[in-house]
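Results of the structural survey
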Amino acid sequence: MFLATVVVFVVALSFGFLILMNKVEGERDERQTQVVDRAYKYAFVTIMFLNAVVYFWEKVGNIQLLSSEDLAALSIWLGTLVFAPYTIWQHAYFPVKVKKSSSMGWLFAGLGLLELLPVTWDYFESSKVDQQDIYLVFLGILLLITGSTILLRNYLDRKEDEGR
Amino acid sequence: MKNLKLKAARAGKDLSQQALADRVGVSRQTISAIEKGDYNPTINLCISICKELDVTLNDLFWK
């Protein structure tokens, strides 16, 4: 649990650093701005779709599928899961002057694995998963996918540059 | 539709996509997208690119 807390703290610091880096290094170009706008739209539609599905499922089944806090967290998670990989894949996540490196990808992927491994370990040891562990799983999946997308994109870009 | 004129004009100036992108203030992928025909630039970007390559808008972006 302590390790997970440390990981979450490091993740929060990383995001803070990313935001600061984006502000310092400048703006996105016009194509990147278009892509980001499109990504926001897709994320919004995905969130609305999720909320609509949950709402109708609860209405029809007359059950409470998710608490309001869980639904809000899941909405944010899903929106970020749509936004981040899409903008990374379209070369729009990082502003123009930010030098891309694979270290960010390795950081996110590594943190994602660090989040998932304790939960997996707990599950195999006790066949039980706590509520908090479920949040860690979702965070881990998000970080792993984001990190993997950065690494794959950088790899394909390098191959393309070598092919020129 | 691919913009082969842009590619040719850039090659004529011996500029890489990255070099041209740096000069006009966009990312390399944006120049690549314009050349592939995946992105239609705004008029301001068109003008910036033409200035860097010493050509007119007609030469690069009009049929």
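Residues numbered from 1 in each chain as written. Chains lettered and ligands numbered in written order. Predicted model: local features only at pLDDT ≥ 70, side-chain atom pairs only at ≥ 80, totals over all residues. Heavy atoms only, no water.

Scanning chain A from N- to C-terminus turns up five helices and zero strands. Going residue by residue from the N terminus, the α and β elements of chain A occur as α-α-α-α-α. Burial status across chain A gives 34% buried among its 164 residues. Contacts spanning at least 24 positions in sequence make up 82% of the contacts within chain A whose residues lie at least 6 apart. (Helix = DSSP H or I, 4+ residues; strand = E, 2+ residues; numbered from the N terminus. Buried < 20%, exposed > 50% of the residue type's maximum accessible area, 1.4 Å probe, protein only. Contact = heavy atoms within 4.5 Å.)

All names here are of chain A. Cross-referencing UniProt, the feature "transmembrane region" (unreviewed entry) maps to residues 42-58, 70-89, 104-124 and 136-156 in the present numbering. End-to-end, the C-alpha atoms of residues 70-89 are 28 Å apart, and along that stretch the chain is 100% helix and 0% strand. Secondary structure over residues 136-156 splits into 100% helix and 0% strand, and the C-alpha atoms at its two ends are 30 Å apart. (UniProt positions renumbered as here; feature names shortened; annotations may be inferred.)

Right, let's talk about the confidence of the model for chain A for a bit. Residues of chain A with pLDDT of at least 70 account for 82%, and the chain-wide mean is 84. The least confident element of chain A, judged by mean pLDDT, is helix α1 (residues 2-25) of chain A at 64; the most confident is helix α2 (residues 30-61) of chain A at 93. (pLDDT = per-residue confidence, 0-100.)

It is worth spelling out the interface of chain B and chain A at this point. Taken together, the contact between chain B and chain A spans 13 residues of the former and twelve residues of the latter. In total, chain B and chain A occlude about 920 Å² of area from one another, counting both sides; carbon and sulfur atoms represent 44% of this. The three residues of chain B that bury the most area against chain A are Arg28, Gln29 and Tyr39 of chain B, which together make up 52% of that side's buried surface. Taken together, chain B and chain A are joined by one salt bridge. Salt-bridge contacts for Glu160 of chain A lead to Arg28 of chain B; the nearest nitrogen and oxygen are separated by 3.9 Å. Inspection of the chain B/chain A interface yields five residue pairs in polar contact (both at pLDDT 80 or more). If one sorts the elements of the side of chain B that touches chain A by residue count, helix α3 (residues 28-36) of chain B sits on top with five residues. Of the residues in the side of chain B that touches chain A, the class split is five nonpolar, six polar and two charged. (Buried area = accessible area lost by both parts, 1.4 Å probe. Salt bridge = Lys/Arg side-chain N within 4 Å of Asp/Glu carboxyl O. Polar contact = N/O pair within 3.5 Å; in protein donor to acceptor, adjacent residues only side chain to side chain. Nonpolar A, V, L, I, M, F, W, Y, C, P; charged D, E, K, R; others polar.)

This paragraph deals with the packing of aromatic side chains. The description of two aromatic rings rests on the distance between their centres and on the angle between their planes. Residue and element names in this part refer to chain A. Summed over the entire model, instances satisfying the criterion amount to five aromatic pairs over all chains. Look at Trp77 and Phe138: their rings are 4.8 Å apart centre to centre, the planes differ by 80°, and that puts the pair in the edge-to-face class. Of this pair, Trp77 sits in helix α3 (residues 68-89) while Phe138 sits in helix α5 (residues 131-163); the two residues are 61 residues apart in sequence, bridging distant segments of the chain. Take Trp77: its relative accessible area is 15%, and that puts it in the buried class. One residue, Arg153, lies across the ring of Trp89, its end atom 4.5 Å from the ring centre. (Phe/Tyr/Trp six-rings, centres within 6.5 Å; stacked < 30°, edge-to-face > 60°. Lys NZ or Arg CZ within 6 Å of the ring centre and 35° of its normal.)

On to the UniProt feature "domain: HTH cro/C1-type" (unreviewed entry) in chain B, then. The UniProt record annotates "domain: HTH cro/C1-type" (unreviewed entry) at residues 6-60 of chain B. Here residues 6-60 of chain B is 71% helix and 0% strand, with 6 Å between the C-alpha atoms at its ends.

Given a rise of 1.5 Å per residue, 32 residues ought to cover 46 Å, and the 46 Å separating the end C-alpha atoms of α2 of chain A matches this to within 8%. By the burial criterion, the buried members of α2 of chain A are Arg31, Gln32, Val35, Val36, Ala39, Ala43, Leu50 and Val54 of chain A. Looking at the buried residues of α2 of chain A, the elements they touch are α3 of chain A together with α3 of chain B. The backbone nitrogen of Arg31 of chain A has a side-chain oxygen 3.1 Å away, supplied by the residue at the start of α2 of chain A, namely Asp29 of chain A. Asn62 of chain A occupies a position one or two residues after α2 of chain A and carries a positive phi of about 55°. (Expected span 1.5 Å × (residues − 1).)

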